[in-house]
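Descriptive analysis of the structure
Take a look at the letters that make up each chain.
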Amino acid sequence: LKCTEKYVYYLSFQSKSDIISTVEFNHTGELLATGDKGGRVVIFQREQESKNQIHRRGEYNVYSTFQSHEPEFDYLKSLEIEEKINKIRWLPQQNAAYFLLSTNDKTVKLWKVSERDKRPEGYNLKDEEGRLRDPATITTLRVPVLRPMDLMVEATPRRVFANAHTYHINSISVNSDYETYMSADDLRINLWNFEITNQSFNIVDIKPANMEELTEVITAAEFHPHHCNTFVYSSSKGTIRLCDMRASALCDRHTKFFEEPEDPSNRSFFSEIISSISDVKFSHSGRYIMTRDYLTVKVWDLNMENRPIETYQVHDYLRSKLCSLYENDCIFDKFECVWNGSDSVIMTGSYNNFFRMFDRNTKRDVTLEASRENSKPRAILKPRKVCVGGKRRKDEISVDSLDFSKKILHTAWHPSENIIAVAATNNLYIFQDKVN
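No experiment lies behind these values; they were computed from the predicted model shown.

It is worth spelling out the overall build of the protein chain at this point. Of regular secondary structure, the protein chain possesses two helices and 33 strands. For a compact globule of 436 residues, the expected C-alpha radius of gyration is about 22 Å, and the protein chain comes in at 24 Å, within 12% of that figure. Principal axes of the C-alpha set define a box for the protein chain whose edges measure 90 × 60 × 40 Å. Counting over 436 residues, the protein chain shows a buried share of 49%. Across the protein chain, the fraction of contacts at a sequence separation of at least 24, relative to all contacts at a separation of at least 6, is 54%. For the protein chain, the exposed area adds up to about 22,600 Å²; of that, 49% sits on carbon and sulfur atoms. Distance between charge centroids for the protein chain: 5 Å, based on 59 positive and 62 negative side chains.

Predicted coordinates in regions of low pLDDT should not be interpreted in detail. Confidence in the prediction for the protein chain averages 89 pLDDT; 93% of positions are at 70 or higher. Confidence, expressed as mean pLDDT per element, reaches its minimum in the protein chain at strand 1 (residues 3–9) with 46 and its maximum at strand 20 (residues 279–282) with 98. Of the regions scoring below 50 in pLDDT, residues 1–13 engages in 74 contacts with residues more than four places distant in sequence or in other chains.

Before going further, it helps to spend a moment on the sheet that holds strand 9 (residues 98–103). Spatially, four strands are ordered 8-9-10-11 in an open sheet, and the strand pairing comes out antiparallel. With partners counted over all chains shown, the strands left at the sheet margins are strand 8 (87–90) and strand 11 (145–161), one partner each. Neighbour to neighbour, the strand axes of the sheet diverge by 25 degrees on average, direction disregarded.

Within this structure, the stated rule accounts for 24 salt bridges. In this structure, Asp117 and Lys118 form a salt bridge, with 3.9 Å as the shortest nitrogen-oxygen distance. Since its relative accessible area comes to 43%, Lys118 is described here as partly exposed. Where Arg246 meets Asp244, a salt bridge forms, and the shortest distance between an N and an O atom there is 2.8 Å. By relative accessible area, Arg246 is classed as exposed at 65%.

Conventions used here
- Residues numbered from 1 in each chain as written.
- Predicted model: local features only at pLDDT ≥ 70, side-chain atom pairs only at ≥ 80, totals over all residues.
- Heavy atoms only, no water.
- Helix = DSSP H or I, 4+ residues; strand = E, 2+ residues; numbered from the N terminus.
- Rg over C-alpha atoms; globule rule 2.2 N^0.38 Å.
- Buried < 20%, exposed > 50% of the residue type's maximum accessible area, 1.4 Å probe, protein only.
- Contact = heavy atoms within 4.5 Å.
- Areas by Shrake-Rupley, 256 points an atom, 1.4 Å probe, with all protein chains shown as cover.
- Lys, Arg positive; Asp, Glu negative; His and termini not counted.
- Charge placed at Lys NZ, Arg CZ, Asp CG, Glu CD.
- pLDDT = per-residue confidence, 0-100.
- Pairing = 2+ DSSP bridges.
- Axes fitted to C-alpha atoms, helices over the stretch in contact; angles between N-to-C directions.
- Salt bridge = Lys/Arg side-chain N within 4 Å of Asp/Glu carboxyl O.

If you want it as structure tokens, here you go:
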């Protein structure tokens, strides 16, 4: 679990629009996309290894930047629709171009990112500036040719999937059939075909007839990595439902229901808030589900619904601070969690720019910090420890001096290598395993 900070990207601007809101590697790990509150998508590309600079292999440099969403206004409801990118999901590469889905609160867009290094010249009906020529002046026919030009990366919207969500979209997930994807908001989940933008199928609807009877909302949803008929969604009550689309068109009745019985001795005013699940992820194998609530990460076996097989305490030292965290609204922060490529290590964020890693095999865990102070390239990250009370050691930090404005909500792990991306507010850090 040793990490070297190989390179750090400071997207450090003062504007709130520059705060990173999602991070996602593509299926090969060669590209890394980030979305921010200003509706922009920045794609980084991994450098190819050269004989002269062996250690530079793995560095990510900016490949493309484009404006994915713009702020809008819903005149019927008198509501502003912010441009913030909530989620990015890559599609597997089928040709030279790359495709990704990005979504804000209401609209999902399919983007094509492609390269152009040649331009056509020698048109018959146009001049060099592109103006139409008088056909009467054309006396000879030319064969157009392609001339080399500086590499240009273009991002073009190929599909816009709009007007299907009344509430805010919190999740999008590409199906393993690569023909469909789903989008989930607070009360409904819709199934889309990539070729059809004006129609989606509602597969989950938990909206009660009387909204006063509403007791829970959908917080996250994801398709199974291998079975195109299976998906899970989590709720604000700390439960996970697994649904099978073969059973019925509307999956209101779940196939499996995962819930851990609450310990009455731990019951408090904040129990319901901290039990709300902020993220749910299938393992790459498809055998396990990982969920993140406010204080813990839990791993569930699909074959055992009554309790998780593993529970990891992320920042249990905050249990005594829940009252102040409620007052400053931090208790409602939505932390994400990720698996490594082999499902043996899991990672999630915390406060003070800390992020946590848990080794499922050795049961060891480590707290690391992503910050400018320790951001010298090739520096080995030192494990951090939080002191709860009593005498504080030299390397420890007191729980009372944690900075709750510095939080790591979004992280990503390379699909096959030990390279991780950590979004700390408006800074993107990329770390990799120690290299000799």
